[in-house]
Amino acid sequence: MSSAISPRSRHSEPGLDRRSVLAGATAGLLVAALPARAATEPSPELAQLIARITEGAVPERGRITLDIPALVENGNSVDTRIVVESPMTDADHVRWIHLIAEKNPFPDMARFHLGPRAGRAEVATTLRLAQSQKITAVAALSGGAFVLADADIVVTLSACIDGG
Amino acid sequence: MTFNARITLPPTASVGEIVEIRVLTRHPMDRGGQSDGRGGTVPRKILNRLTATYAGEPIFRFDMHTGVAANPFVSFTTRAVATGDIVFEWREDGGATYTRTARLTVT
Amino acid sequence: MSGRGRLIQGAFALGLAALAAVPALSEIKSGTEFLSPDMRRQQADETRNPAFFWVEQGRELFSRKPTPDGQACVSCHADPQQSLRGTAAHYPQVDAATAKLLNLEGRIEQCRVERQGQPAFGYESPELLAMTAYLGSLSRGLPVEVKTDGAAKPYYEAGKAFFERRQGQLNLSCQQCHDGLVGQKLRGDTVSHGAGTGYPAYRLEWNDVGSLHRRLRACSLGVRATQFDYGSPEYLALELYLAGRAKGLPVETPGMRR
């Protein structure tokens, strides 16, 4: 029986995650059918959404990992984990992590507010995704900079549209 | 509607240790928008905020929109500073709030 | 014989062969085997499987007096963890008093109405789901073991006939998919044996816990066939047949499904 679900892919910018692509190929998935990941830049609309939350600043790719399945079996509940490399001190910490699903009815999904008391910038949640799209995580650092990671994911059973 | 929450903490932690806090919440997180059969639409009714307070100040805040799943799970971390209650408060569309408390034992 | 005749004859033979290839009972797999590793882990994890909230609600309802001078379930069923362990694994069963086939939901309602003197919860109500999930969870891990002979035989045969009968606008029988096409894809989903051992289950598509009959109604809708009522004789008989097929598989209530 073919594997129902592709392995989780960890999207640490930059670069295509070779291990997940190879694993996906051995699981019988057509690699060509999966959209290339790091290669796609945000659409103008998505860039605007990002600019709104960073107040115009351009986020850098790096120091942030967005862990979300490349192939989502059911959009009603999608395990998502975000890790930002940060000492989480008073002087240098993550203030918040914001999640955008560009093609959801409401693209702003959630915002995690952290601080030095967190010890680590690592959060996880379950998301609701309407269709195949790019998911973007933007983190605001205490020094004023922003970092970003994104993932192009395929949703086979959509929330909102199919059933729930 | 039966709100409920399951909070998972380690049984003990040493001072300064970073602990993971896992929270599963029972709530339909109704995104609304569906037809109500009378020409109108069902209003949105979700939990829109979760705050956690520990040792005197907020340690975490989770702003939620309709993109968060029904019966949502969230996990975050905090440094163990002293034995005490971590107070969780959820805010729902319409203003209702729900509170739960979990004790973190710090050695 | 013409070439076309041979083609038809060959297709007919293949079709018969597919129907005849009913797996041995030992080959029936539970729905859990068709979940992703992530979902399998979630299902077993009380800190992640939302269905455990319903179990908790059921546990609370079980000990709660329905009225100040009424009897709680626990008054008759003391220490349910022990006294009712294994009970759910023997349902559906024929009620000796009425000779009717009862599933677990039916037994709970019967107790509530006839012994507690309370109005029925109502099929698919949050309370009945909670009670069924709780009582089912007391048998978690124990093998399904239902009677399919004696008084149960006519119900079992009716359920089997239902399973094998083509229905709906798509003119499909349960058997064609759940015996013949197991492991194949239906859109984003993988076809299982339809064992049903995880119900009541939290289903992602519902964002809610639902009963087996809710799931069966979804199947009926899927082939554009008549959806029978919750607790209908048709679904009860089918439930018995499915439990017979699942003999020996562990009860997985409360399950998680897509």
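Conventions used here
- Residues numbered from 1 in each chain as written.
- Chains lettered and ligands numbered in written order.
- Predicted model: local features only at pLDDT ≥ 70, side-chain atom pairs only at ≥ 80, totals over all residues.
- Helix = DSSP H or I, 4+ residues; strand = E, 2+ residues; numbered from the N terminus.
- Buried ≥ 20, exposed ≤ 12 C-beta atoms within 10 Å, placed from the backbone.
- Contact = placed C-beta atoms within 7 Å.
- Nonpolar A, V, L, I, M, F, W, Y, C, P; charged D, E, K, R; others polar.
- Pairing = 2+ DSSP bridges.
- Axes fitted to C-alpha atoms, helices over the stretch in contact; angles between N-to-C directions.
- Parallel < 35°, antiparallel > 145°, perpendicular 65-115°, else oblique.
- Left-handed = near helix turned anticlockwise from the far one by under 90°.
- pLDDT = per-residue confidence, 0-100.
- Arc of directions from axis to C-beta.
- Core = buried A, V, L, I, M, F, W, Y, C linked by C-beta atoms within 7 Å.

Engineer: How should the overall build of chain B be read in this particular structure?
Structural biologist: Within chain B, the secondary structure is distributed over zero helices and eight strands. For chain B, the N- to C-terminal ordering of α and β elements is β-β-β-β-β-β-β-β. In terms of principal-axis extent, the alpha carbons of chain B reach across some 60 × 20 × 20 Å. Per-residue burial over chain B gives 33% buried out of 107 residues. Of all intrachain contacts in chain B linking residues separated by at least 6 positions in sequence, the fraction that spans at least 24 positions is 52%.

Engineer: Where do I start with the interface of chain B and chain A in this structure?
Structural biologist: Interface size is often expressed as the accessible area that is lost when the parts come together. With 22 residues of chain B at the contact, the number on the chain A side is 25 residues. If you tally residues by element for the side of chain B that touches chain A, the top one is strand E6 (residues 73–79) of chain B, at seven residues. Residue composition of the side of chain B that touches chain A, grouped by class: 12 nonpolar, six polar and four charged. Bridge count between strand E7 (residues 108–113) of chain A and strand E5 (residues 57–64) of chain B: four bridges; the pairing is antiparallel. From the neighbouring strand, Ala110 of chain A faces E5 of chain B, where its bridge partner is Met64 of chain B.

Engineer: Sorry if this is basic, but what is going on with the packing of helix H6 (residues 104–115) of chain C against helix H7 (residues 126–137) of chain C here?
Structural biologist: A packed helix pair is summarised by two numbers, namely the angle formed by the two axes and the spacing between the axes. Residues and elements named next belong to chain C. Look at H6 against H7: their axes get within 10 Å of each other, and the N-to-C directions meet at 115 degrees. By the angle class used here, H6 and H7 are roughly perpendicular. Pair H6 / H7 crosses with right-handed handedness. Contact residues: H6 offers Leu104, Glu105 and Ile108, while H7 offers Leu128, Met131, Thr132, Leu135 and Gly136. Classifying every residue of the contact of H6 with H7 by side-chain character gives five nonpolar, two polar and one charged.

Engineer: In this structure, what is going on with the packing of helix H3 (residues 51–63) of chain C against H7 of chain C? I would like to understand it.
Structural biologist: Residue and element names in this part refer to chain C. One way to put it is that H3 packs onto H7 with a least axis distance of 7 Å and a crossing angle of 95 degrees. Between H3 and H7, the angle is such that the two are roughly perpendicular. Residues Ala51, Trp54, Val55, Gln57, Gly58, Arg59, Leu61 and Phe62 of H3 pack against Glu127, Leu129, Ala130, Met131, Ala133, Tyr134, Leu135 and Ser137 of H7. Residues that form the contact of H3 with H7 fall into these classes: 11 nonpolar, three polar and two charged.

Engineer: For this particular structure, what's the right way to read unusual backbone geometry?
Structural biologist: Peptide bonds are trans in most cases, and residues, glycine excluded, mostly fall at negative phi. Between Tyr199 of chain C and the following residue, Pro200 of chain C, the backbone shows a cis peptide bond with an omega angle of -10 degrees. Its place among the elements puts Pro200 of chain C in the loop between strand E4 (189–190) and strand E5 (201–203). Residues Thr253 of chain C and Pro254 of chain C are joined by a peptide bond in cis, for which omega reads -5 degrees. Looking at the element boundaries, Pro254 of chain C is found in the loop between helix H11 (233–245) and strand E7 (255–257). The backbone of Arg63 of chain A sits at a positive phi, close to 70 degrees, despite the residue not being glycine.

Engineer: Help me understand the sheet that holds E7 of chain C in this model?
Structural biologist: Residue and element names in this part refer to chain C. Read from one edge of the open sheet, three strands run E6-E5-E7, paired in mixed fashion. Each having just a single partner strand, strand E6 (208–210) and E7 make up the two edges of the open sheet. Along the sheet, successive strands turn relative to each other by an average axial angle of 35 degrees, direction set aside. Pairing analysis gives three bridges linking E5 to E7, with the strands arranged parallel. Residue pairing across strands places Tyr202 opposite Met256, the latter belonging to E7.

Engineer: Explanation requested: the confidence of the model for chain B in the structure shown.
Structural biologist: Any region with low pLDDT has predicted coordinates that should not be read closely. Averaged over all residues, the pLDDT of chain B is 95; the fraction at 70 or higher stands at 99%. The ipTM assigned to the predicted complex is 0.95, against a pTM of 0.87.

Engineer: Can you walk me through helix H2 (residues 37–44) of chain C in this structure?
Structural biologist: Residues and elements named next belong to chain C. Three or more residues of H2 are buried, namely Met39, Gln42 and Gln43. All buried residues of H2 fall inside an arc of 100 degrees around its axis, so they share one side. On its buried face, H2 is in contact with E7.

Engineer: Explain the nonpolar core to me, please; I cannot follow it from the model alone.
Structural biologist: Ile64, Val84, Ala137 and Ala139 of chain A are the most contacted members of the largest nonpolar core, which totals 65 residues. For Ala137 of chain A, the contacting residues outside a window of four places in its chain are Ile64, Leu66, Ile82, Ile97, Leu99, Leu148 and Ala149 of chain A. By size, the runner-up hydrophobic cluster in this structure holds 46 residues, among which are Ala88, Leu129, Leu138 and Leu238 of chain C.

Engineer: When you look at the pairing of strand E8 (residues 121–127) of chain A in this model, what are you seeing that I'm missing?
Structural biologist: Along any regular strand, the residues point their side chains to alternate faces of the sheet. In terms of burial, E8 of chain A is largely enclosed, as six of its seven residues are buried. Judged from the seven bridges that link them, strand E5 (residues 78–84) of chain A and E8 of chain A form a sheet pairing that is antiparallel. Paired with Val83 of chain A across the two strands is Glu122 of chain A, which belongs to E8 of chain A. Pairing of E8 of chain A with E6 of chain B involves two bridges; the strand directions are antiparallel.

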